Amino acid sequence: MRARGGTATWAGRRAARAAGTASCGPTTRYALAGRYVLAGRRAVVALLVLTATLVLPTGVPAGAPAAAAAADTDAGARPGPYAFAPGARSAAGAERTADAAPLDPGHTYRSSLPPRGRLFYRLRLSAADTAYVPVTAVPPADATVSATDGIRVSVRDANGASCSYSSARFGAGLSPRPVTALGQREAGKALCQGGGTYYVLVERLDAEGSGTAASSGRWDLEIAPATEPGLAAAGPTTAPRTWDSATPEPLTGTPRDRSGGTGFATARPLGQGVWRTTLAPGETRFYKVPLDWGRRLHASAELAASPGHGYAGGALDLSLYNPVRGYVEGASLGYTGTPKSAALAPLPPVEYGNRYAVAAGVTSVRFAGDYYLAVSLGTQLTGAFGQGPFEVTLRVRVDGRAQAAPGYAGRPVPDGVFSVTEEDREAALTGDTGAGAGHRVMLLVAVGGLGTGTALLLLLGGWTVAARRAQTRASAQKPTA
C-alpha cells in the first residue's frame, strides 16, 4: 500500500511539473528529464537501503548472507573430527577434590584430560533429583590408541564413597573416535542420598604397558550434566515384566541422503526410514531420533561394497545413547569388502520403570527425548580398502504406541530434555538441525526483499522508460547546427 501511495503521489507531482515545463524549450525539457531520472534513481536506491534495513532482523550480522553462501560453498568439504557445543564453558579439572571446578546442570563444559590423568569436578545436588554426568573424550585425530584404552567416569559423595561408575573404550577399531561414559547419582537408592556436594571423577584408561597413553597427548573432554526430578506421586518400582524382544524385519526402500553431525550438539535429526551417508575411515557421525514415551527404536548400519582385498576388524561401530548421553546398546562389524550390516539388539519401549531392570540396554531406555546414534568407521579400513569415503546405509524403525509422560514433581535440567515436541517430529522428517533457523531467517529476508525490492525496481524501470521517451522527444526537438 505504501509503494502504491508513493507512486500515485509522485505521478501527480510529475504531471504538475510536466504542465509547468510545457512552455520551456526543448533543451530545458531534456535537462529536466535527465534530472528526473537521476532523482528517481537516488530515491529508489535510498528506498532499497531502507527496505534492507527494515527487513533484516535484529541480531543478523551484515555479513550473514555472505557467510551463508560461503557455508553452502563449503558444504562438500569433510567436517572436523568433533563439534563441541557452541558456547561451552571452560572447566579445568583438579587433581584434588578441594580444588575441583564447579559444574552446573544444564550447561555444557569443555576440559582436557592428560595422559594417565585423574581429574575431579564438583556438583551441588538436591536430595530429590537424579543427576547424570556424561563425559565425552575426544583424542587427537592422529592419536595412537589400543582397544582397551578409554575413560572411566564416577560420581562420589563428599566422603569419597562411589555412587556409580562407568567406562567407555575404543574397541577393536583401534581408532581415536569420541567415546562417552556416564556417571550418575540416583535419588531413592541406598547409596549417596541427601543433598549437598558431590564430585565427578574422570580417569583415563590405557592398556597396561601399551605406552599409548604417553604417545597420544591430552584428550579434549565435553561434559554435559543434567538432572531429573522425582515423581509427584508414587510410580512404578519394578521393571516391566514383558515386552516384544523379537527382531523386526529391516526396512526396505530407496535410501535418502542424510549426512550426520560431528558431535552430540550438532547431531542431525533422523526419523523412520532408510538413510544414506558417506564416511571416511576415522570419522564419526551423530544422529538423533526423537522417541516419545511408549515408543521404541530399532536401528542397523550397512557398510557398502568396496574394491580391495583383506580384512578390517572393527570396521564399523554403531552406538546408541539416551537423552543424557548414557550408553544404551552397540554393534560392530569386521569387513572383507562385501556389503555387511550391524544391527542393535532389540530394545524395549521407553518407560519410566525400565530403570529398575538389570540389563544395561533396558535400564538406559528410561525416559523420552532424543536418542543419539553414532556411526564410526575404523582407521584399519585404509590398509586394504583405501581412504574412502565409504557408503553407509542406516535403517531406522520407530514403533510402539505413544503414552503420557509420568508426572514429575519438578522440571528437568535442561528443560525439555525428556520430552518430544511436534517440532522434533517434523525435524526428524526434514533433517533440520535447528541451526537452520538462520537459513530460514535469510530466506525470509530474501523473500521479503524480493517482494519490496521487485516493486521498487519495477518503479525504477517505469521511470527510466518514461525518461528515455522524454529524452527522445527532446532530442527530436533539439535545435541542430
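Look above for the structure.
Conventions and cut-offs
- Residues numbered from 1 in each chain as written.
- Predicted model: local features only at pLDDT ≥ 70, side-chain atom pairs only at ≥ 80, totals over all residues.
- Heavy atoms only, no water.
- Helix = DSSP H or I, 4+ residues; strand = E, 2+ residues; numbered from the N terminus.
- Buried < 20%, exposed > 50% of the residue type's maximum accessible area, 1.4 Å probe, protein only.
- Contact = heavy atoms within 4.5 Å.
- Areas by Shrake-Rupley, 256 points an atom, 1.4 Å probe, with all protein chains shown as cover.
- Disulfide = S-S within 2.5 Å.
- Pairing = 2+ DSSP bridges.
- Axes fitted to C-alpha atoms, helices over the stretch in contact; angles between N-to-C directions.
- Polar contact = N/O pair within 3.5 Å; in protein donor to acceptor, adjacent residues only side chain to side chain.
- Salt bridge = Lys/Arg side-chain N within 4 Å of Asp/Glu carboxyl O.
- Core = buried A, V, L, I, M, F, W, Y, C linked by side-chain atoms within 4.5 Å.

## A closer look at the overall build of the protein chain
Okay, step 1: Along its length, the protein chain carries 8 helices and 21 strands.
Okay, step 2: Residues classed as buried in the protein chain amount to 43% of the 481 residues present.
Okay, step 3: Taking the intrachain contacts of the protein chain between residues at least 6 apart in sequence as the baseline, contacts between residues at least 24 apart amount to 75%.
Okay, step 4: Only carbon and sulfur atoms are counted for the fraction: they give 56% of the accessible area of the protein chain, which is about 23,800 Å².

## A short note on the state of the cysteines
Okay, step 1: Per the counting criterion, the structure on display carries 1 disulfide.
Okay, step 2: There is a disulfide in this structure between Cys-163 and Cys-192, and the S-S distance comes to 2.0 Å. The disulfide joining Cys-163 to Cys-192 has a torsion of about -100 degrees about its S-S bond and is therefore left-handed. In this pair, Cys-163 is assigned in strand E7 (residues 162–169) and Cys-192 in the loop between strand E8 (179–185) and strand E9 (196–205), connecting sequence segments 29 residues apart. The pair formed by Cys-163 and Cys-192 is uniform in burial state, with each residue classed as buried.

## Details of the sheet that holds strand E4 (residues 118–125)
Okay, step 1: Spatial ordering of the open sheet is given by E2-E4-E9-E6-E7, a layout of 5 strands whose pairing is mixed. Looking at which strands have only one partner, the edges of the open sheet turn out to be strand E2 (101–103) and E7. Averaged over all neighbouring strand pairs, the angle between strand axes comes to 25 degrees, with direction disregarded.
Okay, step 2: Note that E2 and E4 share 3 bridges and pair parallel. The partner of Pro-102 across the bridge, within E4, is Arg-122.

## Considering the side chain of Glu-228
Okay, step 1: Position of Glu-228 among the secondary structure elements: in strand E11 (residues 226–228).
Okay, step 2: Looking at Glu-228, its side chain comes within polar contact range of the side chain of Arg-355, at 2.9 Å.
Okay, step 3: Not counting residues up to four positions away in its chain, the partners in contact with Glu-228 are Ala-128, Asp-129, Thr-130, Tyr-132, Tyr-352, Arg-355, Phe-367, Tyr-408 and Phe-418.

## Regarding the pairing of strand E15 (residues 284–291)
Okay, step 1: Most of E15 is tucked away, with 8 of its 8 residues classed as buried.
Okay, step 2: Burial along E15 is two-sided: Thr-284, Phe-286, Lys-288 and Pro-290 facing one way and Arg-285, Tyr-287, Val-289 and Leu-291 facing the other are all buried.
Okay, step 3: Sheet topology places strand E13 (residues 268–269) next to E15; 2 bridges connect them, and they run parallel. Paired with Pro-269 across the bridge in E15 is Lys-288.

## Things to note about the sheet that holds strand E20 (residues 369–377)
Okay, step 1: Read across the open sheet, the 5 strands follow the order E13-E15-E20-E17-E18; overall the sheet is mixed. Each of the sheet's edge strands pairs with one partner strand only, and the pair in question is E13 and strand E18 (327–335).
Okay, step 2: Across 7 bridges, the pairing between strand E17 (residues 312–321) and E18 is antiparallel. The partner of Tyr-321 across the bridge, within E18, is Tyr-327.

## Remarks on the pattern of salt bridges
Okay, step 1: Evaluation of the coordinates by the stated rule reveals 18 salt bridges.
Okay, step 2: We note a salt bridge from Glu-186 to Lys-189, for which the minimum N-O separation is 3.5 Å.
Okay, step 3: Judged by relative accessible area, which is 15%, Glu-186 ranks as buried.
Okay, step 4: Note that Glu-228 and Arg-355 form a salt bridge whose closest N and O atoms lie 2.9 Å from each other. Of this pair, Glu-228 sits in strand E11 while Arg-355 sits in the loop between strand E19 (340–343) and helix H5 (360–363), and the two are 127 residues apart along the sequence.
Okay, step 5: On the accessibility criterion, Glu-228 (1% relative accessible area) is buried.
Okay, step 6: Residues joined by salt bridges that share partners form a network here, namely Arg-118, Arg-152 and Glu-203.

## Concerning unusual backbone geometry
Okay, step 1: Looking along the chain, the bond that leaves Gly-388 and enters Pro-389 is cis, with omega of 10 degrees.
Okay, step 2: Mapped onto the elements of the fold, Pro-389 is located in the loop between helix H6 (381–385) and strand E21 (390–399).
Okay, step 3: With an omega of 5 degrees, the peptide bond between Val-413 and Pro-414 qualifies as cis.
Okay, step 4: Along the chain, Pro-414 falls in the loop between E21 and helix H7 (422–430).
Okay, step 5: Of note in this structure, Leu-174 is not a glycine but carries a positive phi near 55 degrees.

## Brief notes about the environment of Lys-288
Okay, step 1: Tracing the sequence through the fold places Lys-288 in strand E15.
Okay, step 2: Exposure remark for Lys-288: the relative accessible area of 19% places this residue in the buried category.
Okay, step 3: Sequence separation between Lys-288 and Asp-424 is 136 residues, and the spatial gap between their C-alpha atoms is 9.8 Å.
Okay, step 4: Lys-288 has contacts with Ala-267, Arg-268, Pro-269, Leu-270, Asp-370, Tyr-371 and Tyr-372, leaving out every residue within four places of it along the chain.

## Quick notes on the nonpolar core
Okay, step 1: Core analysis: the biggest nonpolar cluster contains 46 residues, and Leu-303, Leu-316 and Leu-373 have the highest contact counts within it.
Okay, step 2: In contact with Leu-316, other than residues within four places in its own chain, are Ala-301, Leu-303, Ala-331, Ser-332, Leu-333, Ala-342, Val-375, Ser-376, Leu-377 and Val-392.
Okay, step 3: Counting 28 residues, the second-largest nonpolar core is a separate cluster that includes Tyr-121, Ala-131, Val-145 and Cys-163.

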